[in-house]
Structure formats: structure tokens, C-alpha cells
Amino acid sequence: MSAINITNVSVLDNPAPFVSPFQFEISYECLTSLQDDLEWKLVYVGSAEDETYDQTLESVLVGPVNVGNYRFVLQADPPDPSKIREEDIIGVTVLLLTCSYMGQEFLRVGYYVNNDYEDEQLREEPPTKVLLDKVQRNILSDKPRVTKFPINFHPEDEQTPAADSDPPLPPTEQSDEQQPDDNCGEPQALPDSPAEKPDSNCGEAQVLPDQPPKPHES
């Protein structure tokens, strides 16, 4: 069972001019306390054919994450049009809202975004060069595509303290009557040692319920 349930995502100020900031009001509940912060990202897909045109508009850490209900507004700047091909500005694209814990993405909400001229004459006879101040952005908020991924919210529980493990047995000497058989096959490889415990103190921003998050410092 997931430790975090998203109860609602509302797109604010929609439709809006292409150059306006994005605003999402996000509500979620935490069913079990977590040691680290949640990382929320907003990604604008600049091209359906080449992911190198994707732009991360915002990335924030939200925490501490204790049991309870939370709500905050995620605001992000619009995409940089200079990093989008001219032919990809007008038309339909995708906006991705993701949430991760300790580098593990467990939620992705995808929205279709339609960018077009608000003026009918410009739509019928679009200019050769895109007039960004005339373009309107419309997020199809009523048809989101939600994808959930199973992750381990408590990797620290998988680690067993070394003090609790049984001490290794001392080597046993063999007598002349107990010599190994030369035809017993090749020795078996020992199992790999357990992975080291991940560092859970990487969170930076702290946000209390119903308060806006602080931006992720790079």
C-alpha cells in the first residue's frame, strides 16, 4: 500500500496566456510518517519526437511528511520558447506533474495542453513567426492520465543491524581421515554482501500543512 495518496489536483488560472505561470493546487494524505521529503516536478514536453526538448519548469521538496492531510500550490514559470522548435509551439503537447520519494518516482499525472491563437483570424491565417503574446494555453484538466508506480517508502526497514547477526563460525580443521574429495566439483560463490543503507537526510525544504513549498536549491 502506498504511503501517499493524492486526493485532488486542481489547475488554477486556466485557460491562460502562453507566457503566464502555471499553478496547481495539490492535496494529498500521508498514511505513514516518512523520513525524507517528497519531490514534486513539473515538466513541459517540448516535442513529441525528441525528449531533449523537455523542460523541467519547477522542482520542489515538500516536508516534513508526517501522518495527516496536506495542501499546497505549486507554481512554475512558463516554458522558455527559445528552447522549443517554432513548429512545436502551436498545437497540442503534454505537461507532466510527478512526485518522487528518495529518487523513486511513484506518481505521474499527464495533461494534454493545447496552444493556439485566441483570435480566430490568426488561427485561420497563422503568421510565419509565432506571436507568443497572442497564444493562449489551455490545459485539458478534466482528462488527466494518472500513472502510479510501486516503490519502497521504507528502505531502512530492510537493513538488519550487524550486531543482531550471528557471529561467523570459526574454521574447522580437517583430520587425515577427512580429506576433501578431489572430484567434488568447483567451489560455490559466496553471496554478495548486503547493500549499504541509503542516506535519508537529503531533504532541504520543509513545508507544514497548507503552506507553499520552498524551491529546490540547486
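Rules behind the numbers
- Residues numbered from 1 in each chain as written.
- Predicted model: local features only at pLDDT ≥ 70, side-chain atom pairs only at ≥ 80, totals over all residues.
- Heavy atoms only, no water.
- Helix = DSSP H or I, 4+ residues; strand = E, 2+ residues; numbered from the N terminus.
- Buried < 20%, exposed > 50% of the residue type's maximum accessible area, 1.4 Å probe, protein only.
- Phe/Tyr/Trp six-rings, centres within 6.5 Å; stacked < 30°, edge-to-face > 60°.
- pLDDT = per-residue confidence, 0-100.
- Contact = heavy atoms within 4.5 Å.
- Salt bridge = Lys/Arg side-chain N within 4 Å of Asp/Glu carboxyl O.
- Core = buried A, V, L, I, M, F, W, Y, C linked by side-chain atoms within 4.5 Å.

A.B. asks: Report on unusual backbone geometry, specifying residues and quantitative values.
C.D. replies: A cis amide bond links N14 with the next residue in sequence, P15, at an omega value of 0°. Here the bond from G63 into P64 is cis, since omega is 0°, no more than 30 degrees from zero. As for its placement among the helices and strands, P64 is situated in the loop between β5 (55-62) and β6 (68-76). Its identity as a non-glycine residue notwithstanding, D13 has a phi of 50°, on the positive side. Structurally, D13 can be placed in the loop between β1 (4-12) and β2 (16-17). Judged by its relative accessible area of 44%, D13 is partly exposed.

A.B. asks: An account of the packing of aromatic side chains is needed here, citing residue identities and associated values.
C.D. replies: To describe a pair of aromatic rings, one takes the distance between the centres and the angle between the planes. The final tally for this structure, using the stated rule, is 7 aromatic pairs. With a centroid separation of 5.9 Å and 45° between ring planes, the pair formed by Y28 and W40 is classed as tilted. Taken as a pair, Y28 in strand β3 (residues 22-30) and W40 in strand β4 (residues 38-45) lie far apart in primary sequence, 12 residues in all. A single burial state applies to Y28 and to W40, both of which are buried.

A.B. asks: Outline the confidence of the model for the protein chain, listing residues and values.
C.D. replies: With 72% of its residues at a pLDDT of at least 70, the protein chain reaches an overall mean of 81. Every residue in residues 172-209 is under pLDDT 50, and counting partners more than four places away or in other chains gives 40 contacts.

A.B. asks: Break down the pattern of salt bridges for me, with residues and values.
C.D. replies: For the structure on display, the rule yields 4 salt bridges. Measuring nitrogen to oxygen at the nearest pair gives 3.8 Å for the salt bridge that ties R85 to E49. Of the two residues, R85 sits in the loop between β6 and α1 (86-89) while E49 sits in the loop between β4 and β5, which places them 36 residues apart along the sequence. We note a salt bridge from E87 to R85, for which the minimum N-O separation is 4.0 Å. Take E87: its relative accessible area is 56%, and that puts it in the exposed class. Residues participating in the shared-partner salt-bridge network are E49, R85, E87 and D88.

A.B. asks: So what's going on with the environment of C30? Which residues, and what values?
C.D. replies: The topology assignment puts C30 in strand β3. Placed 24 residues apart in sequence, C30 and I6 show a C-alpha to C-alpha distance of 8.9 Å. Those residues within four positions of C30 in sequence are excluded, and the remaining contacts are A3, I4, V65, N66, V67, G68 and Y70.

A.B. asks: An account of the nonpolar core is requested, with residue identities and associated values reported.
C.D. replies: Within the largest apolar cluster, 39 residues are counted, with the highest numbers of intra-cluster contacts made by L38 and W40. Only β1, β3, β4, β5, β6, β7 (91-101), β8 (104-117) and β9 (135-139) provide two or more residues apiece to this core. Ranked by the residues each element gives to this core, the list is headed by β8, at 6 residues. If near-sequence neighbours (up to four positions away) are discounted, L38 is found in contact with I4, Y28, V60, L61, V62, V65, C99, S100, Y101 and F106.

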